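# Report on the structure
Letter by letter, the chains look like this.
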Amino acid sequence: MDYSIARRRMISQHVVARGVQDQNVISVMEQIPRHLFVEEALQSQAYTDYALPIGDKQTISQPYMVAVMSEALQLKGGERVLEVGTGSGYQAAVLSKLVAHVYSVERIANLARRARRILDQIGCSNVHIRVSDGTSGWSDQAPFDGIIVTAGAPQVPDCYREQLAIGGRLVIPVGGADYQVLKRITRIEEDRYDEEDLLECRFVPLIGQHGWSR
Ligand code: SAH
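A brief look at the structure comes next. Owing to the predicted nature of the structure, the values given are computational and were not obtained by experimental measurement. (Residues numbered from 1 in each chain as written. Predicted model: local features only at pLDDT ≥ 70, side-chain atom pairs only at ≥ 80, totals over all residues. Heavy atoms only, no water.)

Below, the discussion takes up the site of the ligand. By nearness alone, 26 residues border the ligand, and Ser88, Glu106, Asp133, Gly134 and Ile207 come closest of all. Between the ligand and Ile207 there is a distance of 2.6 Å, counted from a nitrogen atom to a backbone nitrogen or oxygen. Summarising the interface, the protein chains cover 99% of the accessible area of the ligand, which totals 580 Å² for the free molecule. Of the residues that constitute the shell around the ligand, the class distribution is 10 nonpolar, 12 polar and four charged. (Near = heavy atom within 4 Å. Polar contact = N/O pair within 3.5 Å; in protein donor to acceptor, adjacent residues only side chain to side chain. Areas by Shrake-Rupley, 256 points an atom, 1.4 Å probe, with all protein chains shown as cover. Nonpolar A, V, L, I, M, F, W, Y, C, P; charged D, E, K, R; others polar.)

It is worth spelling out helix H5 (residues 109-121) at this point. Between its first and last C-alpha, H5 extends 18 Å over 13 residues, near the 18 Å set by a 1.5 Å rise per residue. For H5, every residue scored as buried is listed here: Leu111, Ala112, Ala115, Ile118 and Leu119. The arc enclosing the buried residues of H5, seen along the axis, measures out at 135°, which places them on a common side. The exposed residues of H5 that point more than 90 degrees off its buried face are Arg113, Arg117 and Gln121. Here the buried face of H5 lies against strand S1 (52-55), strand S2 (58-60), helix H4 (90-96), strand S4 (101-106) and strand S5 (127-131). Looking one or two places after H5, you find Gly123, whose phi comes out positive at around 80°. (Helix = DSSP H or I, 4+ residues; strand = E, 2+ residues; numbered from the N terminus. Expected span 1.5 Å × (residues − 1). Buried < 20%, exposed > 50% of the residue type's maximum accessible area, 1.4 Å probe, protein only. Arc of directions from axis to C-beta. Contact = heavy atoms within 4.5 Å.)

What follows concerns the sheet that holds strand S3 (residues 80-84). Here we have seven strands laid out as an open sheet, ordered S5-S4-S3-S6-S7-S8-S9, and mixed in their pairing. Two strands bound the open sheet, and with one partner strand each, they are S5 and strand S9 (192-201). Going across the sheet, the axis of each strand differs from the next one's by a mean of 15°, ignoring polarity. Sheet topology places S4 next to S5; five bridges connect them, and they run parallel. Among the inter-strand pairings, Glu106 is bridged to a residue of S5, identified as Val131. (Pairing = 2+ DSSP bridges. Axes fitted to C-alpha atoms, helices over the stretch in contact; angles between N-to-C directions.)

With that settled, the discussion passes to the state of the cysteines. Under the criterion given, the structure shown has zero disulfides. Looking at the unpaired Cys159, the closest cysteine sulfur is the one in Cys201, lying at 19 Å. Cys201 gets classed as buried once you look at its relative accessible area, which sits at 7%. (Disulfide = S-S within 2.5 Å.)

Tallying each qualifying case throughout the model produces eight salt bridges. Residues Lys183 and Asp197 are paired through a salt bridge, measuring 2.7 Å at the closest nitrogen-oxygen approach. Of this pair, Lys183 sits in strand S8 (residues 180-189) while Asp197 is found in strand S9, placing the two residues 14 residues apart along the sequence. Asp197 sits in the exposed class, given a relative accessible area of 52%. Look at the salt bridges and you will find they share partners, linking Arg161, Lys183, Glu195 and Asp197 into a network. (Salt bridge = Lys/Arg side-chain N within 4 Å of Asp/Glu carboxyl O.)

This is the structure:
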């Protein structure tokens, strides 16, 4: 099955028409075969603008949200980015074509394994996956030029601010269990951060020591 037409339609209807402008994000999303990141039975829905189940009660984020979050990182190329919540690996695949290295943390080993397999299959060798509680970040690899959290947090864990490079950006959904606000936090100086609210969103919970307990 050739999904390239469906993919182009997804980009024009759900990404460009809704205001995403970053040309690099748009062209990378036009290339990444999103259907490979969902179960075979759901592949025909991979290019609709919905989050889809990926097993273990988790979801692959909707294309619009992947685009918005990628754009919000304001990438120029060459960066090192931390992703919390590998899930299907789709967001990591998109980032892998935009930056030098993606460090992605997933708490569910099953999902991490599946993501690794697909990322290897499509040649995303600059994505480094670790199975652990990502609410502590990845201190060995810090600082990061960007941190993207793809699960909803009750508050911003301190370590994310600490693991940002000066000038680096953290994109994270923060709020209650039902909905969150997508925030961008920029580390302007050692001890100075700028904080912006971007939009309302809905993510599965960030579960861990500095997140939700369940
Ligand atoms: N970026 C993913 C979205 C996955 S949904 C994609 O493109 O498919 C969010 C993911 O965050 C889930 O897989 C969930 O298991 C994971 N997650 C939740 N809490 C976590 C934590 N503390 N550390 C690492 N991953 C976590």
